[in-house]
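This is what each chain is made of:
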Amino acid sequence: MSDPLVARMRAFGTTIFAEMSALALRTGSINLGQGFPDTDGPPALLERAVEAIRGGANQYPPGPGVPDLRQAVSEHRREHYGLHYDPDGEILVTVGATEAVAASVLALCEPGDEVIAFEPYYDSYAASVALAGAVLRPVTLRPAGGRFTFDPAELRAAVGPRTRAILVNSPHNPTGTVFTREELETIAGLCAEHDLTAVTDEVYEHLTFDGAPHVPLATLPGMRERTVMISSAGKTFSVTGWKTGWICAPEPFVRAVQTVKQFLTFTASAPWQLAVAYGLRHELGWVASLRDELQAKRDRLMAGLSAAGFDVYRPAGTYFVQADIRPLGFSDGLALTRELPALAGVVAIPTQAFYAHPERGRHFVRFAFCKQDAVIDEAVARLRKLG
């Protein structure tokens, strides 16, 4: 029997996260691969979800999302960024940011349209573009001055007559880059010049370090009206399993995305939505403490990886550190991460899985530091065996 999977999705298969997490379970290795915390979010937030379940919020909520969460998101955007979004028409609750990205691409792109994304990119981006029958145009982020950034000339060259949208992820997974205002102004200028829609993945918006500011692209002049702004509760409140996200955008964009979203998941879980509304209003102090803890964990992991012989890049945000494996005598991150459980009892993610051109990231491996200190310490002790 021939492969029943449609041709446009055959290149994707099992995600690298599923493969490496299964490898960690099978071998009993420490999992510094998939980006999920090993501690829970704020207790009062969790209790709100329990109260919602016990209080009967267990049926379908409204398709656009629970009104209280849409209102809380609107308040959050206004208070933090000075952006005003009408909760009744300009905000849509989704099943996490992954669905928000997929539904946005499916809603906004016709077959043959082109979508620009910065590589390495979160793997769902390429899959979403393929599902839409569109074409991904990667622009590579390369190390420069201790961080990953793009060449403005390469970005300009990626824009063509069929370019419809640009996917912008900042703080950026997997490199940890937080785009500067100057970089964002370059992106905004191209969007205005070529009438492009920006789809911005901002799930790590509150998790930036060393005072690096997160600047939403929608706050730049002329960008609110052409930006689909995406975020979620998972990373902010350490509840990745809740899969509760949202988009903020002008009403025509929200209407377009909801038209698609209603036939994907229809709506999102009501108890989590009610709890997240509480969290956005009352638990951002907890999030600030989390950010400080994560910065210390970042430094802890970086010091350990450096001592083990890796070259490491200091991320300005997210959960992740990029490590160059070449000083240890390795050249293929995929091969190394598949052998790493046997070599050191640790699982990581090969960064090359996030490139349209894997050879450009073959020598990088991504490690997650959203773990307890004792876990990080044991992992780096094991990794020293590589030297």
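The numbering scheme is per chain: residues are counted from 1 as the chain's sequence reads. Confidence filtering applies because this is a predicted model: local features only for residues at pLDDT of at least 70, side-chain atom pairs given and counted only at 80 or more, and all residues used for totals across whole chains, interfaces and linings. To obtain the side-chain values, all non-hydrogen atoms of the structure were included, while hydrogens and water were left out.

The name given to the protein chain in an unreviewed UniProt entry is Aminotransferase, and the organism recorded there is Planobispora rosea. As recorded by UniProt, the Cofactor (unreviewed entry) comment attached to the protein chain reads in full: "pyridoxal 5'-phosphate". UniProt positions are given in the numbering used here, feature names are shortened, and annotations may be inferred rather than shown by experiment. Of the comments in the UniProt record for the protein chain, the one headed Sequence similarities (unreviewed entry) reads "Belongs to the class-I pyridoxal-phosphate-dependent aminotransferase family."

So, about the nonpolar core. Take the buried residues of types Ala, Val, Leu, Ile, Met, Phe, Trp, Tyr and Cys, join any two whose side-chain atoms come within 4.5 Å, and each joined set is a nonpolar core. A simple rule labels every residue: compare its accessible area, found with a 1.4 Å probe on the protein chains alone, to the largest value its type can have, and call it buried under 20%, exposed over 50%, or partly exposed in between. Residues L301, F310, F367 and L383 are the most contacted members of the largest nonpolar core, which totals 61 residues. Once you skip the residues sitting within four places of it in the chain, F367 turns out to touch L32, L301, L305, F310, Y319, F320, V321, A323, L340, V346, A348 and L383. A contact between two residues is defined here by any heavy atoms of the two lying within 4.5 Å.

Let us now look at the UniProt feature "domain: Aminotransferase class I/classII large" (unreviewed entry) in the protein chain. UniProt's entry tags residues 30-383 with the feature "domain: Aminotransferase class I/classII large" (unreviewed entry), counted in the numbering of this structure. With 40% helix and 18% strand, residues 30-383 has its two end C-alpha atoms placed 11 Å apart. Each helix is a run of DSSP H or I of at least 4 residues and each strand a run of E of at least 2, with the numbering of both proceeding from the N terminus.

The method works on a 1 Å grid over the protein atoms by themselves. A cavity is a set of points holding a 1.4 Å probe that cannot get out, a pocket is an open set with protein on both sides within 12 Å along at least five of seven lines, and residues with an atom within 4 Å of a point line them. Grid points are joined across faces, edges and corners, and a volume is the space filled by probe spheres set on the points. Applying the stated criterion to the full structure yields 1 cavity of 30 Å³ or more. Its boundaries defined by the atoms lining it, the largest cavity holds a volume of some 40 Å³. Looking at the largest cavity, the residues that line it are V168, S170, L184, T200, E202, H214, V215, P216 and L217. In the lining of the largest cavity, the residues fall into 5 nonpolar, 3 polar and 1 charged. Each residue gets one of three labels, nonpolar for Ala, Val, Leu, Ile, Met, Phe, Trp, Tyr, Cys and Pro, charged for Asp, Glu, Lys and Arg, and polar for the others, Gly among them.

A word on the packing of aromatic side chains. For Phe, Tyr and Trp, rings pair up if their centres lie within 6.5 Å, where Trp contributes its six-membered ring, and each pair is then called stacked (planes under 30 degrees apart), edge-to-face (over 60) or tilted (otherwise). In total, this model carries 16 aromatic pairs according to the counting rule given. Relative to Y122, the ring of F17 has its centre 5.9 Å away and its plane inclined at 35 degrees; by these criteria the two rings are tilted. A residue pair is termed long-range when its members are at least 10 positions apart, and F17 in helix α1 (residues 16-27) and Y122 in the loop between β3 (114-119) and α5 (124-131) qualify at 105 residues. Classification of F17 by relative accessible area gives buried; the value is 8%. On the basis of relative accessible area, Y122 is assigned to the partly exposed category, the value being 25%. On the numbers, 5.4 Å between centres and 75 degrees between planes, the contact of Y204 with Y319 is edge-to-face. Remark: Y319 occurs in the loop between β11 (311-313) and β12 (320-324) and Y204 occurs in the loop between β8 (197-201) and β9 (227-232); sequence separation between them is 115 residues.

This paragraph deals with unusual backbone geometry. Cis geometry is found at the peptide bond from E119 to P120, where omega equals 5 degrees. Topologically, P120 is positioned in the loop between β3 and α5. Each neighbour pair has its own omega, and for S170 with P171 the value is -10 degrees, a cis peptide bond. Secondary-structure assignment places P171 in the loop between β7 (163-169) and α7 (181-194). Residues other than glycine seldom take positive phi values, yet K243 does so here, at roughly 45 degrees. As for its placement among the helices and strands, K243 is situated in the loop between β9 and β10 (245-248). We note that F266 has phi near 65 degrees; this positive angle belongs to a residue other than glycine. Secondary-structure assignment places F266 in the loop between α8 (251-261) and α9 (270-282). On the basis of relative accessible area, F266 is assigned to the partly exposed category, the value being 40%.

What follows covers the pattern of salt bridges. When a carboxyl oxygen of Asp or Glu is within 4 Å of a side-chain nitrogen of Lys or Arg, the pair counts as a salt bridge. Using the criterion set out here, one finds 24 salt bridges in the structure. For the salt bridge of R10 with D3, the shortest nitrogen-to-oxygen distance reads 3.9 Å. Overall, R10 belongs to the partly exposed group, its relative accessible area being 45%. One salt bridge connects E251 with R255, and the closest N-O pair in it is separated by 2.5 Å. Highlighted residues: E251 and R255, both in helix α8, separated by 4 residues, approximately one helical turn. What makes R255 partly exposed here is its relative accessible area of 46%. Within this structure, D210, R298, D299 and R314 form a network of salt bridges that share partners.

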